[in-house]
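Structural overview for review
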Amino acid sequence: MISSRVKLLSSSSTLKITALTKKLKKEGKDVVNFAAGEPDFDTPSFIKEKAKLAIDKGLTKYTPSAGTNEIREAICRKLKEDNNIPCESSNIIVTSGAKYAIFASMVTFLDKGEEVLIPSPFWVSYPEMAKLCGAKVKVVNAKARDNFKLSVDSLARAISKKTKLLVLNYPSNPTGATYSENELKAIYDVVKDKNIIVLSDEIYEILSYDGAKHVSFASIGDAHKFTVTINGFSKSFSMTGWRLGYLEAASNFIEAISKVIDHTTSCASSVSQAAGLAAIQDKKWPQTMREEFENRRNLLFNGLSSLKKIKPIKPSGTFYMFCDIKKSGLNSVEFSSQLLDKQLVSTIPADSFGAEGYIRLSFATSIQDIEKGIERIKSFSLGL
Ligand code: PMP
Ligand code: GLU
């Protein structure tokens, strides 16, 4: 009954473990949630108010399928000012979450048997979406000794005649690694003139630490011609449940992706778009959240750095911390499940990110819980 494409899919470990953690908490268990893939902040009230107003004003009908003119213009201004991307508002499509922007792009570009290069460690959904499109996934290992960044040599070696798409994601879920302008230029030099589309998922852009400035791949050279930039509201404005994301690309790409949107989701939620319009014009709130996450990153990193069998890797962005657990003698699934059973600390085993020997901790949780979690991991580590 089930299609051969769907039979090939794995379920999402991030969504599964996050749901299990929420269920245990609801049952009254004192779980420290280091699994969460979403900011723990409430959506700011200035955004919620605009959504309520939109409902009252009757903005409850289909919008143009690429999004309202107002939000596309506001996104375009943001991408020009903050990201130096040479765009027009007609280059933007607003989608039901960034996840759908990625999927709609992959469906638009990938034919059966074409290769998608995905650097590992990767976010769980990229390979599965590529498989759904019938494409062949080629994982390119970004090594720990290269700070989990794709080396240009490995990239050049991985490219073949069948390569159609390269996925970049920085700051990276799950490692928090990010690229400097020079590193992006080096990647650009390898892929330009090769007829490869770059899908650059920059959804964690706002969460860049240590004063680093996020640089968009589409702003390098003529990369805009062959890049689809993905971004959204889930991580920058704590709006995961509103399902609002967007993509930016050259006009010929937009024309093709639009057809997929027309025949699948029709448009993103009208109420969410009204909320998103208020959000995107505010630069302060995301910065306040970033500062809080940077403090929590430091707290978690310092708290774990003296352990013998667990080695935290300081992330340059996102709210995830990768930890090397190879010295524990357990594999990542064993480690994660024993930590949950014995100490009620939930984490994501990194085998599903293509990185056995690691776990992912999310610090999108309170300072109090981070402190509690550090103590529990210390006790767990002593018993290993
Ligand atoms: N890209 C990455 C790397 C993510 O971690 C997420 C979060 N699930 C998404 C895209 C999708 O975000 P959303 O669909 O909530 O906008
Ligand atoms: N991006 C988040 C995570 O990695 C949310 C869950 C998901 O969509 O995978 O945990």
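It should be noted that the structure appears before, not after, this text.
The sections below set out a description of the structure shown in this document.

Basis of the calculations
- Residues numbered from 1 in each chain as written.
- Chains lettered and ligands numbered in written order.
- Predicted model: local features only at pLDDT ≥ 70, side-chain atom pairs only at ≥ 80, totals over all residues.
- Heavy atoms only, no water.
- Pairing = 2+ DSSP bridges.
- Helix = DSSP H or I, 4+ residues; strand = E, 2+ residues; numbered from the N terminus.
- 1 Å grid on protein atoms, 1.4 Å probe; cavity = no way out; pocket = protein on both sides within 12 Å on 5 of 7 lines; lining within 4 Å.
- Points joined across faces, edges and corners; volume = space filled by probe spheres on them.
- Nonpolar A, V, L, I, M, F, W, Y, C, P; charged D, E, K, R; others polar.
- Buried < 20%, exposed > 50% of the residue type's maximum accessible area, 1.4 Å probe, protein only.
- Core = buried A, V, L, I, M, F, W, Y, C linked by side-chain atoms within 4.5 Å.
- Axes fitted to C-alpha atoms, helices over the stretch in contact; angles between N-to-C directions.

This next bit is on the sheet that holds strand β12 (residues 348-349). On the basis of which strands lie adjacent, the open sheet formed by 4 strands has the order β9-β10-β13-β12 and antiparallel pairing. A strand with exactly one partner marks an edge of an open sheet, and here the two such strands are β9 (311-313) and β12. For β12 and strand β13 (residues 358-362), the ladder comprises 2 bridges, and the chain directions are antiparallel. Its bridge partner being in β13, Pro349 is matched across the sheet by Ile359.

Applying the stated rule across the entire model yields 1 cavity of 30 Å³ or more. There is about 150 Å³ of room inside the largest cavity. As for the largest cavity, its lining consists of 15 residues, and the residues nearest its centre are Pro119, Pro121, Asn169, Ser172 and Tyr179. Within the residue set of the lining of the largest cavity, elements represented by two or more residues are β3 (115-120) and β5 (163-169). Element by element, the count of residues in the lining of the largest cavity is highest for β5, at 3 residues. Looking at side-chain class alone, the lining of the largest cavity contains 10 nonpolar, 5 polar and no charged residues.

Of the volumes computed, that of the largest pocket is approximately 520 Å³. Broken down by secondary-structure element, the contributors of at least two residues to the lining of the largest pocket are α2 (13-26), α5 (97-109) and α6 (125-132). In terms of residue count, the dominant contributor to the lining of the largest pocket is α2 (5 residues). Roughly 420 Å³ of internal volume is contained in the second largest pocket. Contributing to the lining of the second largest pocket are 21 residues, with Lys78, Asp82, Glu205, Ile206 and Gln287 lying nearest its centre.

Our focus in this paragraph is the pairing of strand β8 (residues 245-248). Taking every second residue as pointing to the same face, both faces of β8 are buried, with Gly245 and Leu247 on one and Tyr246 and Glu248 on the other. With 4 bridges joining them, strand β2 (residues 92-95) and β8 adopt antiparallel strand pairing. Bridge pairing in β8 links Ile92 to Glu248. Examined bridge by bridge, strand β7 (residues 227-232) and β8 share 4 bridges and lie antiparallel to one another. Bridging across to β8, Asn231 finds its partner in Tyr246.

It is worth spelling out the nonpolar core at this point. Counting residues in hydrophobic clusters, the biggest one holds 96 residues, and the most contacted among them are Phe233, Leu300 and Ile377. Per-element accounting of this core gives the leading share, 7 residues, to α5. By size, the runner-up hydrophobic cluster in this structure holds 22 residues, among which are Leu166, Leu168, Phe217 and Ala223.

The strand order across the open sheet built from 7 strands is β2-β8-β7-β6-β5-β3-β4, with neighbouring strands paired in mixed fashion. Both edges of this open sheet fall to β2 and β4 (136-141), since each of them pairs with a single strand only. Between one strand axis and the next, the sheet turns through 20° on average, direction left out of account. In the sheet, strand β6 (residues 197-201) pairs with β7 via 4 bridges, with the strands oriented parallel. Residue pairing across strands places Asp201 opposite Ile230, the latter belonging to β7.

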